[in-house]
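Remarks on the overall topology
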Amino acid sequence: MNRLDYKQIQTIQENTTRKLIKYINEFVKRDKILDSIEFYYPDFDEQKAKVAFNVWVSIDYRTNYGKSFIEHMLEERAPYLTNLEKEILIERNKSFVSLFEIEKINGHNIYILDLLTRKHHTIWEPNMSSVLKPSDLIFGRIGRIIDYKGFIGNISFLPPAVKDVFIAEIFIDYNRMRFRSPELTMDRYLKLYSINVYRI
């Protein structure tokens, strides 16, 4: 298979997202869940908050069966998904929200540091590379999207003045959770307790 270009990958990703949202809507109607979920997104833009909620619900929310909607969809609808759509969903399901600092930009490649896990990543973002600059703080999530790593869902900029306070609050909550689960890693905390991260 030839390597797909950015636009082709984005189209496949958007189509996969539409299928996932449709599946979630059908699941919610069938099982009558999501009536009383509290979700807080630290941005006053209603559209961004809606996108963040959809990303959070589709990836991090656990149903009464202990699974994410992506896991349910992969079990129930696998025959109706292409291999690339399955790959996108599997990788998206691994992602978690975090705080990233832009280290440098080289063409369309953006070199970032996850300030909470202390891991370095290189993401390919042709649409964002000219907008971002070194030292920008990004609240969002990244993941592998077919041939490259990139942002998943929308991103928000965190003002530098609140960086240290935000990180300190995350670690306070993380350490509180570790009293109950001493083996909890930061990656798992960010995945399992993402609603706490959004509230901070």
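What this report covers is the structure whose coordinates are included nearby. (Residues numbered from 1 in each chain as written. Predicted model: local features only at pLDDT ≥ 70, side-chain atom pairs only at ≥ 80, totals over all residues. Heavy atoms only, no water.)

Regular strands show a simple pattern: their side chains alternate between the two faces of the sheet. Of the pairings in the sheet, the one linking strand S1 (residues 97-106) to strand S4 (residues 137-145) comprises five bridges and is antiparallel in character. Directly across from Leu99, in S4, lies its bridge partner Phe139. The pairing of S1 with strand S2 (residues 109-114) spans six bridges and is classified as antiparallel. Bridged to Ile102 within S2 is Ile112. As consecutive antiparallel partners, S1 and S2 are separated by two residues, and within that stretch Gly107 has a phi angle of approximately 65 degrees, a positive value. (Pairing = 2+ DSSP bridges. Helix = DSSP H or I, 4+ residues; strand = E, 2+ residues; numbered from the N terminus.)

In space, the five strands of this open sheet follow the order S3-S2-S1-S4-S5, with antiparallel pairing throughout. In this open sheet, the two strands that pair with only one neighbour each are strand S3 (120-124) and strand S5 (148-157). Pairs of neighbouring strands in the sheet enclose a mean axial angle of 45 degrees, with direction left out of account. Strand direction decides the pairing type here: S2 and S3, joined by five bridges, are antiparallel. Each residue of the ladder has a partner; that of Ile110, found in S3, is Ile123. (Axes fitted to C-alpha atoms, helices over the stretch in contact; angles between N-to-C directions.)

Looking now at helix H4 (residues 83-94). For H4, spanning twelve residues, the distance from its first C-alpha to its last is 17 Å, which sits close to the expected 16 Å at 1.5 Å a residue. Residues Glu85, Ile88, Leu89, Glu91, Arg92 and Asn93 constitute the buried set of H4. (Expected span 1.5 Å × (residues − 1). Buried < 20%, exposed > 50% of the residue type's maximum accessible area, 1.4 Å probe, protein only.)

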